[in-house]
Each structure stands twice: as structure tokens, then as C-alpha cells.
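The lines below spell out each chain.
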Amino acid sequence: PFIMTVPAYLLILALIISISVTISKVGISLKQIDMDRAINAQENKHKDDKISLLSNLAHELRTPLSLIYNPVKDMLEEKSVKGIDYDRLDRIFNQVQKMTEMVNMILDKGTNDITKNDVVIEQVDINEWLGKIIEDFKIDSYAKGLKTEFYPMPDMGKVDMDVKMMETAVNNIISNAIKYSDTGTITITTGRNKGSVWIKVHDEGRGFTCRPEELFKRYYRENENIPGYGLGLSHAKLMVEAMGGSI
């Protein structure tokens, strides 16, 4: 009978080897799945630990910042003390305000559920307003060997917007442009298009490889080697969209 022949033995041997290889591959695949799950669990724990640390630090910073913010604000409004460089004090106040907004961004409800009801609209000369913000960033740019240039469209006039929200959004975007650039120029421009006003921030940095929408996810960071927590762009997007804009 065929079962007792040499070809049959070879066929049975080949089947046994094939089954063994398949079982081995399945075993390796299951081990890889377990390893991937363990790595993901560790990464999630690491992220949770960072978020917890960040929240605790923000809580600790909120009180001392308010103790600096309020007196400096009063001094700028009153301008009653002689011998003080109020221009420099104004820049210090702007930086304290940015830090305060960053702390609030982490702790307040605004990080998750900003709505149109939170928007407070006022008219602002957008070029003048943006020029002051850019001026504050020139020191950071210079420290990294970067240039900062502003090309406003003439006669833009006043624009309806929530000043605090827009300032937070623009601060986050320009800050990112500086953070992820090692050389070159940060260029900011303004303009109009079909009844809308736009602000563009262009840098010559390293760019990104992920899908653009990934950049705006809360806590997402493409490059873990650069300090940060993945909050800035997600928060900027919430602010801009609450005002009916896009980013």
C-alpha cells in the first residue's frame, strides 16, 4: 500500500514539519502580542504619570503666579511709582500672563469643553495687537539664533474676536514654531480672504511625519526628545474653533 512507501513517509514528514513550523510561528506571534500589550500598558502608565505630575505642578504654580500677576497689573495701571521702566515691567507682566494662562489651560474646564458661550467678543486692531505679541517672542527667537519677521497686510483695521482666546492660541503656535526650529526665520503674516481674516505662522523647522490632525490631539507628541506635554496645539484648536474659525 502507498502508506508504506518511501514517498508516503516523506509526505508525512513534510506535513509534521509544516505543522511544527506553524505552531512555532503562532507561539512567537502570541508572545509578540503579549509584549506589545505590555509596552502599550507601560507607555499609558508613563503618560498618566506625566499628566498627574503636570497637574500637581500647575496647582502649585497657580498661587505664586497670582501673587506676582496682580501687583504688577496694579503698578502698570496706576504708574504711580517713579524710577520704574514701565516698558520692561509691561513685558514682565506679559510673560507672567502667559504662564498664568498656561496653568489655567492645564487645570480649567477650558482644556476640554470650550464652547461659543465662553467667547467674549470685542473689536481689536489685529495688526497692532499681533505686533505686540510678536515683539515679546523676539527675545526667545534671538536666544536660539532665529529671526522673527512680521508682514501685516495694510489697512486690516479692527476685527471681532475674543482677545484672550486668540492670544493664547497665537502664543502656542508661535511658541511651537520657535521650539521646533533650530535655524531660519519665523515669519508671521496677516490677510483677508472672502470676508475672513487669517494669521499665518511659517517656520523653517524640522516639520513632522505624522498626519496633520494627529498634532492637535491632546497630549500627542511626535518627538518625545523635545520638552513639552502635547497641550499647546490642541488647546489652540479648541480656542479658534470656539470663535468659529479653523486651524
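Residues numbered from 1 in each chain as written. Predicted model: local features only at pLDDT ≥ 70, side-chain atom pairs only at ≥ 80, totals over all residues. Heavy atoms only, no water.

A. A look at the side chain of Thr148. Position of Thr148 among the secondary structure elements: in strand E2 (residues 147–151). Engagement of the side chain of Thr148 in a polar contact is seen with the side chain of Ser141, the distance being 2.7 Å. Thr148 has contacts with Ile134, Lys138, Ser141, Ile186 and Ile188, leaving out every residue within four places of it along the chain. (Helix = DSSP H or I, 4+ residues; strand = E, 2+ residues; numbered from the N terminus. Polar contact = N/O pair within 3.5 Å; in protein donor to acceptor, adjacent residues only side chain to side chain. Contact = heavy atoms within 4.5 Å.)

B. The arrangement of the pairing of strand E4 (residues 185–193) in detail. Counting buried residues in E4 gives seven out of nine residues, a clear majority hidden from the surface. Sheet topology places E2 next to E4; five bridges connect them, and they run parallel. When the sheet's bridge partners are listed, Phe150 is paired in E4 with Ile188. One ladder, built from seven bridges, connects E4 with strand E5 (residues 196–202); its direction is antiparallel. Counterpart to Thr189 in the pairing with E5 is Lys200. As consecutive antiparallel partners, E4 and E5 are separated by two residues, and within that stretch Lys194 has a phi angle of approximately 55°, a positive value. (Buried < 20%, exposed > 50% of the residue type's maximum accessible area, 1.4 Å probe, protein only. Pairing = 2+ DSSP bridges.)

C. Just the packing of helix H3 (residues 126–143) against helix H4 (residues 163–179), in detail. Between H3 and H4, the shortest axis-to-axis distance is 11 Å and the interhelical angle comes to 30°. Compared by their axis directions, H3 and H4 come out roughly parallel. Considering only the axes of H3 and H4, their crossing is right-handed. Across the interface between the two elements, Trp129, Leu130, Ile133, Ile134, Phe137, Asp140 and Ser141 of H3 pack against Val163, Met166, Glu167, Val170, Asn171, Ile174, Ser175 and Ile178 of H4. Along the lines of polarity and charge, the residues of the contact of H3 with H4 split into 10 nonpolar, three polar and two charged. (Axes fitted to C-alpha atoms, helices over the stretch in contact; angles between N-to-C directions. Parallel < 35°, antiparallel > 145°, perpendicular 65-115°, else oblique. Left-handed = near helix turned anticlockwise from the far one by under 90°. Nonpolar A, V, L, I, M, F, W, Y, C, P; charged D, E, K, R; others polar.)

D. Layout of unusual backbone geometry. In this model, Asp155 sits at a positive phi of 60°, which is unusual for a non-glycine residue. The residue Asp155 is located in the loop between E2 and strand E3 (158–161) in this model.

E. The arrangement of the packing of aromatic side chains in detail. Within this structure, the stated rule accounts for zero aromatic pairs. Across from the ring centre of Trp198, 4.6 Å away, lies the NZ or CZ of Lys200, which sits over that ring. (Phe/Tyr/Trp six-rings, centres within 6.5 Å; stacked < 30°, edge-to-face > 60°. Lys NZ or Arg CZ within 6 Å of the ring centre and 35° of its normal.)

F. Spatial organisation of the packing of H4 against helix H5 (residues 232–242). Packing of H4 against H5 brings their axes to within 9 Å, and their N-to-C directions diverge by 145°. Note that H4 runs across H5; the crossing there is left-handed. Judged by residue contacts, Met165, Thr168, Ala169, Asn172, Ile173 and Asn176 of H4 engage Gly232, Leu233, His235, Ala236, Met239, Val240 and Ala242 from H5. Looking at the contact of H4 with H5, its residues break down into eight nonpolar, five polar and no charged.

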